[in-house]
Amino acid sequence: MPHDLFRLAYISRNTGLSDAAELDALLASARRANAQADVTGALLFNRECFAQVLEGPMPAVNSVFERIQRDPRHGDVIILLAENSPGRRFPDWAMAYAGEDPEARERFAEMRFADLRQSAVAGTELLSMLEQAVGRTLPA
Amino acid sequence: MTDPLRPPAAVTTVDHLTGLTDRRGFMDALAAALAPPHEAPPLLLLDLDRFKAVNDVHGHPVGDALLVTAAGRIRSAVRRGDVVARLGGDEFAVLLGAGTTDAEAMRIADRLVDLLGRPFLLEGRVVQIGSSVGLSSAAPGIDAAALIKQADLALYAAKARGRGRAARFEASMQDAAEARMTLEMELRAALPLGQFVLHYQPLMDLKARQTVGFEALLRWQHPGRGLLAPGAFLPVAEEVNLMPAIGAWVLRQGCREAAAWTAPLKVSINVAPSQLVDGTLPAIVAAALAESGLPGPRLEIEVTENALIDAGGVDVHGQFQRLAEMGVMLALDDFGTGFASLAQLGRYPFQRVKIDRSFVADPRMMQAAMGVGRALGLKTTAEGIEEATHLAAVTGEGCEIGQGYLIGRPMAAAAISPFLHAEEQHDAA
Ligand SMILES: Cc1cc2nc3c(=O)[nH]c(=O)nc-3n(C[C@H](O)[C@H](O)[C@H](O)COP(=O)(O)O)c2cc1C
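Cut-offs used in this document
- Residues numbered from 1 in each chain as written.
- Chains lettered and ligands numbered in written order.
- Predicted model: local features only at pLDDT ≥ 70, side-chain atom pairs only at ≥ 80, totals over all residues.
- Heavy atoms only, no water.
- Pairing = 2+ DSSP bridges.
- Helix = DSSP H or I, 4+ residues; strand = E, 2+ residues; numbered from the N terminus.
- Axes fitted to C-alpha atoms, helices over the stretch in contact; angles between N-to-C directions.
- Contact = heavy atoms within 4.5 Å.
- Domains from an automatic or database assignment.
- Phe/Tyr/Trp six-rings, centres within 6.5 Å; stacked < 30°, edge-to-face > 60°.
- Buried < 20%, exposed > 50% of the residue type's maximum accessible area, 1.4 Å probe, protein only.
- Near = heavy atom within 4 Å.
- Polar contact = N/O pair within 3.5 Å; in protein donor to acceptor, adjacent residues only side chain to side chain.
- Nonpolar A, V, L, I, M, F, W, Y, C, P; charged D, E, K, R; others polar.
- Arc of directions from axis to C-beta.
- Buried area = accessible area lost by both parts, 1.4 Å probe.
- Salt bridge = Lys/Arg side-chain N within 4 Å of Asp/Glu carboxyl O.

Time to look at the sheet that holds strand E3 (residues 91-95) of chain B. Residues and elements named next belong to chain B. Taken in spatial order, the five strands make up an open sheet running E2-E3-E1-E6-E7, and their pairing is mixed. With one partner strand each, in any of the chains shown, strand E2 (83-88) and strand E7 (166-168) form the two edges of the open sheet. Mean inter-strand twist for the sheet, computed between neighbouring axes without regard to direction, equals 20 degrees. With five bridges joining them, strand E1 (residues 43-49) and E3 adopt antiparallel strand pairing. Within the sheet, the bridge partner assigned to Leu44 lies in E3 and is Val94. Taken strand by strand, helix H4 (residues 102-116) contacts E1, E3, strand E6 (130-135) and E7, and its axis lies near 165 degrees from that of E6.

The structure is reproduced here in structure tokens:
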């Protein structure tokens, strides 16, 4: 029964999000939609790229991801992880912003999309980085 | 059973799977859009690249989910008033609204290529495809058939340019398509009209410095354009599936001519991947040998690494085994340039590798290729020997046989006797 959860992690190139206000708006609408779909996860962003984890029932993750895929504000999506999972890593977050954590924000701010792609940063690595960052930030 | 109380179902113009307009609805919409006094709107034709592979690998339910999701992405990229249709299989059309400029149409086409090139998550599986898009380029007074043809030619060009892109119709595409069609027609006639000939390039034993065989090379004596090399026509021959017939002729002709040589030398004949797909190669070779009286060991069949890969699902190994049983030699051509793994090579009964010409001028690559050949217990032929330094290098590496302009250019069948005679005289002197 706990096996019907699905988790996806990807990185993508930021092609349209430039400031905090836009990020806030995106997060607000993402949280609303995700809560409704029983999807949780975390997002990180800098000038060049996004990294995101989505988890929930597979059909819900499929459809949320498909909507995100059509978003013109990013491109060059690379899926790092797509797996079934016994539990959630971000149970308390409809969509955590891992950038609230200064350390994660700083680490991620340094990352360039080309480097991320080159180093083929492993999905599990990205996952634990987001998890650490979110762990230091208490649920709103 | 029809229920007499229910009216007949309305004629539907909706594609059941995707909910898009179907072909019939699209043709109606196109006719309406072109009715005077309207100007022809831009039309996009779109094919999914690698869709068939998704169906084959992941099964039809995933293939169907892909079509539905792809349809959603296409719809998300167009505006109200644009008509999105599924014409069948993985073919889609977008009829853009009246007044759409060419620049807007191109932007939408590029956006479609971008969107469909993004990964799909289907029932937990990540699937990556791509798409090619052809755009019409409106001309005043153009009719539906001509508009579709334009977009179709542009789509063909987009695919020819490597897929995963959009192309707009240009008049030159019409010319290219016509030239290609003419070529196809002439090519279909070439075999019955006896316009193919074989030329032969000498293969020299590098130790004995003696000709030990010839590689048969296909030429087309084209009625208007002279003698054509394979590059000018084999891609089209492959596309229209003439290769198996041409290949069978090459085998028959090569064996017949080799049987008539004054010395019992070997003939090497190339076999294309498409000649392996129906499993008839051993029978064709057996017939060629029987007809000509050429002993099996005098025939060497050359295949490229692609033949081992392209023939997915076909029993290549069994066919090679049967050829080996006839005493026919098997050589791997263009060795080192394909994608076959060493493990794969070891599985097939090859006796020889032909080291690709691109390695002959590079001592390190040459050594590496020779090393692999030797480790697998294979004899080696070096191709592309054009300079004395190449010859010295491959001889120094212990390569058995050499081939290239320095050793001998391809020649007509009739030139072989004088060539061998001259060699004899030279050796005797
Ligand atoms: C990097 C990135 C991550 C996003 N994450 C989510 C998300 O987790 N959930 C969500 O509903 N929308 C997310 N969005 C926004 C969607 O792409 C889309 O804009 C939003 O769901 C509104 O879609 P709609 O216009 O089809 O209603 C994200 C967008 C981007 C660029």
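As assigned here, chain B comprises domain 1 (23-169) and domain 2 (182-428). Taken over C-alpha atoms, the centre of domain 1 of chain B sits 43 Å from the centre of domain 2 of chain B.

What follows concerns the packing of aromatic side chains. Counted by the stated rule, this structure contains 12 aromatic pairs over all chains. Measuring from centroid to centroid gives 5.7 Å for Tyr10 of chain A and Phe65 of chain A, while their planes differ by 55 degrees, and the two rings are tilted. Of this pair, Tyr10 of chain A sits in strand E1 (residues 5-14) while Phe65 of chain A sits in helix H2 (residues 58-69), and the two are 55 residues apart along the sequence. Given the relative accessible area of 2%, Tyr10 of chain A is considered buried. We classify Phe65 of chain A as buried; its relative accessible area is 1%. Ring plane angle 35 degrees and centroid distance 5.8 Å describe the contact between Phe196 of chain B and Phe233 of chain B, whose orientation is recorded as tilted.

For the rest of this paragraph, the subject is the site of the ligand. Residues and elements named next belong to chain A. Neighbouring the ligand are 15 residues; Asn34, Gln52, Arg67, Asp71 and Arg73 lie closest to it. Take Gln52: an N or O atom from its side chain is 3.0 Å from a nitrogen atom of the ligand. For the ligand, an oxygen atom lies 3.2 Å from a polar atom in the side chain of Arg73. Elements supplying a minimum of two residues to the shell around the ligand: helix H1 (20-37), strand E3 (49-57) and H2. Among the elements that make up the shell around the ligand, the one with the highest residue count is H1 (four residues). A class-by-class count of the residues in the shell around the ligand yields nine nonpolar, three polar and three charged.

Once that is clear, we can look at helix H11 (residues 316-325) of chain B. Residue and element names in this part refer to chain B. Within the span of H11, buried status applies to Val316, Gln319, Phe320 and Leu323. When H11 is viewed along its axis, its buried side chains cluster within an angular range of 100 degrees and face the same direction. Gly327 lies just past H11 and shows a positive phi near 85 degrees.

In this section: the interface of chain A and chain B. Facing 16 residues of chain A, the contacting portion of chain B comprises 14 residues. For the pairing of chain A and chain B, the buried interface totals around 1200 Å² over both sides, and the portion due to carbon and sulfur atoms is 56%. Of all residues in chain A, the largest losses of buried area upon contact with chain B belong to Glu66, Gln69 and Arg70 of chain A, amounting jointly to 42% of the total for that side. Inspection of the region where chain A meets chain B yields one salt bridge. The partner of Glu66 of chain A in a salt bridge is Arg73 of chain B, and the shortest N-O contact between them spans 2.6 Å. Summed over the shared surface of chain A and chain B, the number is six residue pairs in polar contact (both at pLDDT 80 or more). Counting residues per element, the ones that place at least two in the side of chain A that touches chain B are E1, H2 and strand E4 (74-85) of chain A. Tallied by class, the residues present in the side of chain A that touches chain B amount to nine nonpolar, four polar and three charged.

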